Amino acid sequence: MKEEARETIFSSLLELLKYDNLLTVYRLQGDKNNDFDNAILIAMIRSVSDDRAKMSQMMLAITWDRLQIAKDMILTRHTYQDHELEQFLRVAIIQNRTGFVKKLLDSEADMKHYLTYKELQSLYNTMDMKSQTIGKVMLTRAENKYDGVVTLQLIGKFLEDPPPIFTENAQ
């Protein structure tokens, strides 16, 4: 390599080091837990801390189920409006991220405001009814009345008389 090329590379590296918040070093060989997604999320959080990125950072944390990173690095850096917390809550419920649901409710998300009849029906309709235990029971009880849409009447029927499998541990 020519001396001039080395000088160019060296000066470029020095310039990059001025922006250490944009630089993340990750050792593939040393990662026993295969937490490459953690490294990506942490790098994103460190590189951009403005309001534009806060939504995508939190959505990634929920999707990748990285509650501790959300607690330590995302929720502490930003304040969120009610509609933003409601979006996070919806995604956490749909993806069955109970830790996130609890944390969001502890972080001022208002379940009474969020969980309207329309939203409850929408949440039930996002799940694959045939693959979920609760869905199978509800479909069995619906007999031939199920047309692919979960109604509040169907949910109500289930809640009025839940099968023993759902009430055994509640006592």
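Given the structure is predicted, the values throughout are model-derived calculations rather than measurements. (Residues numbered from 1 in each chain as written. Predicted model: local features only at pLDDT ≥ 70, side-chain atom pairs only at ≥ 80, totals over all residues. Heavy atoms only, no water.)

## Notes on the overall build of the protein chain
- Scanning the protein chain from N- to C-terminus turns up 11 helices and 0 strands.
- Each helix and strand of the protein chain, placed in order from N terminus to C terminus, yields the pattern α-α-α-α-α-α-α-α-α-α-α.
- Evaluated residue by residue, the protein chain yields a buried proportion of 26% over its 171 residues.
- For the protein chain, the share of sequence-separated contacts (at least 6 apart) that also reach a separation of at least 24 residues comes to 54%.
- Counting only carbon and sulfur atoms, one obtains 53% of the accessible surface of the protein chain, whose full area is about 12,300 Å². (Helix = DSSP H or I, 4+ residues; strand = E, 2+ residues; numbered from the N terminus. Buried < 20%, exposed > 50% of the residue type's maximum accessible area, 1.4 Å probe, protein only. Contact = heavy atoms within 4.5 Å. Areas by Shrake-Rupley, 256 points an atom, 1.4 Å probe, with all protein chains shown as cover.)

## Section: the packing of aromatic side chains
- Inspection of the entire model under this criterion finds 1 aromatic pair.
- Considering the side-chain rings of Tyr80 and Phe88, the 5.2 Å spacing of their centres and the 80° angle between planes classify their relative orientation as edge-to-face.
- In this structure Tyr80 comes out as buried when scored by relative accessible area, which is 14%. (Phe/Tyr/Trp six-rings, centres within 6.5 Å; stacked < 30°, edge-to-face > 60°.)

## Concerning a nonpolar patch on the surface
- A cluster of nonpolar side chains, Ile9, Leu13 and Leu16, forms an exposed patch at the surface whose accessible area comes to about 280 Å².
- Structurally, Leu13 can be placed in helix H1 (residues 3–17). (Patch = residues over 30% accessible without salt bridge, like charges linked within 9 Å, V, L, I, M, F, W, Y side chains within 5 Å. Salt bridge = Lys/Arg side-chain N within 4 Å of Asp/Glu carboxyl O.)

## What about the nonpolar core?
- Counting residues in hydrophobic clusters, the biggest one holds 21 residues, and the most contacted among them are Met58, Tyr80, Phe88, Phe100 and Leu104.
- Where this core is concerned, the elements lending two or more residues are helix H2 (36–47), helix H3 (51–63), helix H4 (67–74), helix H5 (82–94) and helix H6 (98–106).
- Setting aside chain neighbours within four positions, we find Leu104 in contact with Met58, Leu85, Phe88, Leu89, Ala92 and Ala109. (Core = buried A, V, L, I, M, F, W, Y, C linked by side-chain atoms within 4.5 Å.)

Honestly, it's all geometry; don't read function into it.
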